[in-house]
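Structure at a glance
The chain contents come next:
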Amino acid sequence: LYWFGKTIQGTMGNLEVDKDSFPDIKGMVSRLKDKGVKTVLITEPFILTTSSKWDEAAEKEVLATDSINNPAKYDFYFGNTGIVDIYKTAGKNWFWNIYKDILNFGAKGLWGDLGEPEVLPSWVNFHNKKADEIHNIYGHDWARLIFEGYQKEFSNERPFILMRAGYSGSQRFGMIPWSGDVSRSWGGLQSQPEIALQMGMQGLGYMHSDLGGFAGANLNDNLYTRWLQYGVFQPIFRPHAQEDIPSEPVFRSEKVKKLAKKSIELRYKLLPYNYNLAFENNQKGTPLMRPIFFEEEDEKLMSNSSTYLWGKDFLITPILKDSVKTKEIYFPKTANWFNFYTDEKVDGGQTKTVNIDKNSIPTYVRSGTFILMSNLVQTTDNYKADKLELHYYYDASVKESERTFYNDDGLTANAFEKGKYEMLEFESEITKRFLEIDIDKEFGDNWIPSEKEITLVIHNIKWNPKKIKVNGKRKRISLEKNKLTIPVKWNPKKQLKVKITLE
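Attention in this report is confined to the structure presented alongside it. (Residues numbered from 1 in each chain as written. Predicted model: local features only at pLDDT ≥ 70, side-chain atom pairs only at ≥ 80, totals over all residues. Heavy atoms only, no water.)

Side note on the pairing of strand 27 (residues 496–501)
Regular strands place their side chains on alternate faces of the sheet. In terms of strand pairing, strand 22 (residues 434–443) meets strand 27 through six bridges, oriented antiparallel. Looking at the pairing, I437 lines up with V498 of strand 27. Sheet topology note: the strand 24 (residues 468–470)/strand 27 ladder contains three bridges and is antiparallel. Paired with K469 across the bridge in strand 27 is K499. (Pairing = 2+ DSSP bridges. Helix = DSSP H or I, 4+ residues; strand = E, 2+ residues; numbered from the N terminus.)

This is the structure:
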């Protein structure tokens, strides 16, 4: 936030690096990149009259105007200001050139703040438009400006565009919205799942909240922990807060740091599953967070936001109040559900009171499904989808199951359209005598496959199989805690078959 000045008041609109605070920002960004950290810079569309860019912006006529065609000036919290006229070609180009400079010194994300716009008097004039005509769509068109700039000048990069304001259809510009300056309180947390579910159904699948809450000097360890645990199963995992209390886990107690670490590590381990959710959203607009009525059509479920689906196969119930010891959860009748942490099986079609663990929120997995996870990595730079955990949740009632998981290099723009991808395909079939799991693939025309190490974990196996065969070769695997763990090496050019005798 403070890349352009030591305070926001008086310096907003500088839109250039404060050399005193950042004498070598290009080197700093590069060194952070070497550690797997990408830099995101915050910008606002307001140019304060006290900022270093005011004279240039006024001279180049890139600002919205008053009734006599002078730059419109008015006061708000951050100072006396004008606003960039992104509807005028000169304003659009001027703003984009600033972004181009930012991207050229290595920034990998752009964060647009206050784009509602936060303050915009009705008398302000834009190119062929009045302030009230564009007030609700400014953030949307601001995201479009950045997206189109990427397409023209950084066409091989995927843009990361975080915006506080947008409109219907803003997802077309890859825009990531969040719920604004939410109260750092239980009341602030309670509305977040419903907001994200509503927005996901309107097409904005990446709606999320500042993890831990944003506003208020409230140091509540339980609230912070529960918000991060919910964050694992919301689209963007991003703690952020006012200066009163730091948002980073490292500043918390040892106990909270340990719990935060568990949440962060689980988020990274779920990269393969979550990446496929992103692909589904890209292709079909399917939200990442889905209301429970996506699973079961029942009028009683239409207003249920206390439990939701993360993708197709996780059933999530966030803890939204302090000191919760038990929780009533409805389990959809379309499947049975396994506790993600204990493997306890719950029959679908019932409301059940479950005990709440301090270390996690209630997390259940659909019976008969595949959940693809990765070995833990420190940064997505180290994630190649070559060392994977494939979890299969055996349920005798699910005779056949199939899941596909999309993968690419994580960097190339339009990788799917360019044929630079692979689809990993997993199928299960239960016959009278055997459980058979087939691992297969589909490649894009321009994808170069590599060998994969897969740890296949089969849950809910309550007998010692007489035979376990991998591609016809017998393996000796010990049963531990009702789980079979079968390590395999897989050349994706060939199908791999695992066959297990039933009881």
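Now that the structure has been shown, the text picks up again.
A word on the side chain of N281
Along the polypeptide, N281 turns up in helix 10 (residues 271–284). The exposure class of N281 is buried, given its relative accessible area of 14%. A polar side-chain atom of N281 sits 3.2 Å from the main-chain carbonyl oxygen of T286. With residues up to four places along the chain from it excluded, the contact list for N281 reads G205, Y206, T286, P287 and L288. (Buried < 20%, exposed > 50% of the residue type's maximum accessible area, 1.4 Å probe, protein only. Polar contact = N/O pair within 3.5 Å; in protein donor to acceptor, adjacent residues only side chain to side chain. Contact = heavy atoms within 4.5 Å.)

So, the side chain of S367
Here S367 shows up in the loop between strand 17 (363–366) and strand 18 (370–374). Within the structure, S367 has its side chain in polar contact with the side chain of D395 (distance 3.4 Å). When near neighbours in sequence (up to four residues on either side) are disregarded, S367 contacts A335, N336, F338, Y393, D395 and V398.

Re helix 9 (residues 254–269)
For an α-helix the count is 3.6 residues per turn, leaving residues at separations of three or four pointing the same way. With 16 residues, helix 9 should reach 22 Å at 1.5 Å per residue; the first-to-last C-alpha distance of 22 Å fits that figure. Where helix 9 is concerned, the buried positions are V256, L259, A260, S263, L266, R267 and K269. Of the surrounding elements, those touching the buried residues of helix 9 are helix 8 (221–231), helix 10, strand 11 (308–310), strand 18 and strand 19 (387–393). (Expected span 1.5 Å × (residues − 1).)

Topic: helix 1 (residues 25–34)
Buried residues of helix 1: I25, G27 and V29, and no others. G36 sits one or two residues past helix 1 and shows a positive phi near 90°.

Digging into the environment of P249
Here P249 lies in the loop between helix 8 and helix 9. Sequence separation between P249 and W337 is 88 residues, and the spatial gap between their C-alpha atoms is 32 Å.

Focus on the environment of G311
Residue position: G311 is located in the loop between strand 11 and strand 12 (314–316). Expressed as a C-alpha distance, the spacing of G311 and E344, which sit 33 residues apart in the sequence, is 21 Å. Leaving out residues up to four positions away in the same chain, G311 has contacts with Y273, L277, L288 and R290.

A few points about the nonpolar core
If you look at the biggest cluster of nonpolar residues, it comprises 80 residues, and the most contacted ones within it are F233, W310, F314 and I458. Broken down by element, the residue count for this core peaks at five residues, all from helix 8. (Core = buried A, V, L, I, M, F, W, Y, C linked by side-chain atoms within 4.5 Å.)

Things to note about unusual backbone geometry
The linkage connecting E116 with the following residue, P117, adopts the cis geometry, with an omega of -15°. Its location among the elements puts P117 in the loop between strand 5 (109–112) and strand 6 (125–126). For A385, which is not glycine, the phi torsion reads 60° and is therefore positive. Among the structural elements, A385 can be located in the loop between strand 18 and strand 19. Residue class for A385 comes out buried when judged on its relative accessible area of 3%.

A word on the sheet that holds strand 2 (residues 46–48)
Read across the sheet, three strands follow the order 2-4-3 without closing on themselves; strand pairing throughout is antiparallel. The open sheet has two free edges, formed respectively by strand 2 and strand 3 (74–76), since each of these has just one partner strand. Along the sheet, successive strands turn relative to each other by an average axial angle of 55°, direction set aside. Alignment of strand 2 against strand 4 (residues 79–83), held across three bridges, turns out to be antiparallel. For L48, the partnering residue across the bridge sits in strand 4 and is T81. (Axes fitted to C-alpha atoms, helices over the stretch in contact; angles between N-to-C directions.)

As for the pairing of strand 26 (residues 483–490)
Burial along strand 26 is one-sided: the residues L484, I486, V488 and W490 are buried and none of K483, T485, P487 and K489 is. Strand direction decides the pairing type here: strand 23 (residues 452–459) and strand 26, joined by eight bridges, are antiparallel. Bridging from a neighbouring strand, E453 pairs with K489 of strand 26.

Considerations on the sheet that holds strand 25 (residues 473–474)
Reading across from one edge, 20-21-22-27-24-25 is the order of the six strands in this open sheet, with antiparallel pairing throughout. In this open sheet, the two edge strands, each paired with only one partner strand, are strand 20 (400–407) and strand 25. Contacting strand 20 and strand 21 (422–430), helix 10 runs over the sheet at an angle of about 80° to strand 20.

Let's talk about the packing of helix 3 (residues 89–104) against helix 5 (residues 138–153)
Running from N to C, helix 3 and helix 5 point in directions that differ by 60°, and their axes come no closer than 10 Å. By the angle between their directions, the pair helix 3 and helix 5 is classed as oblique. Judged by the sense of rotation from one axis to the other, the crossing of helix 3 with helix 5 is right-handed. Between helix 3, through K92, F95, W96, Y99, K100 and L103, and helix 5, the contact on the second element is made entirely by W142, L145, I146, E148, G149, Y150 and E153. A breakdown of the residues in the contact of helix 3 with helix 5 according to their chemical character gives eight nonpolar, one polar and four charged. (Parallel < 35°, antiparallel > 145°, perpendicular 65-115°, else oblique. Left-handed = near helix turned anticlockwise from the far one by under 90°. Nonpolar A, V, L, I, M, F, W, Y, C, P; charged D, E, K, R; others polar.)

As for the packing of aromatic side chains
Across all of its chains, the model carries 36 aromatic pairs by this definition. Considering the side-chain rings of F416 and Y421, the 4.7 Å spacing of their centres and the 45° angle between planes classify their relative orientation as tilted. The exposure class assigned to F416 is partly exposed, which follows from its relative accessible area of 26%. By way of ring pairs, the aromatic residues F233, Y273, F314, F340, Y341, F370, Y392, F405 and F426 are connected into one cluster. A cation over an aromatic ring shows up here: R252 above the ring of Y224, its NZ or CZ 4.0 Å from the ring centre. Here the basic side chain of K499 rests over the ring of F434, its NZ or CZ set 4.7 Å away from the ring centre. (Phe/Tyr/Trp six-rings, centres within 6.5 Å; stacked < 30°, edge-to-face > 60°. Lys NZ or Arg CZ within 6 Å of the ring centre and 35° of its normal.)

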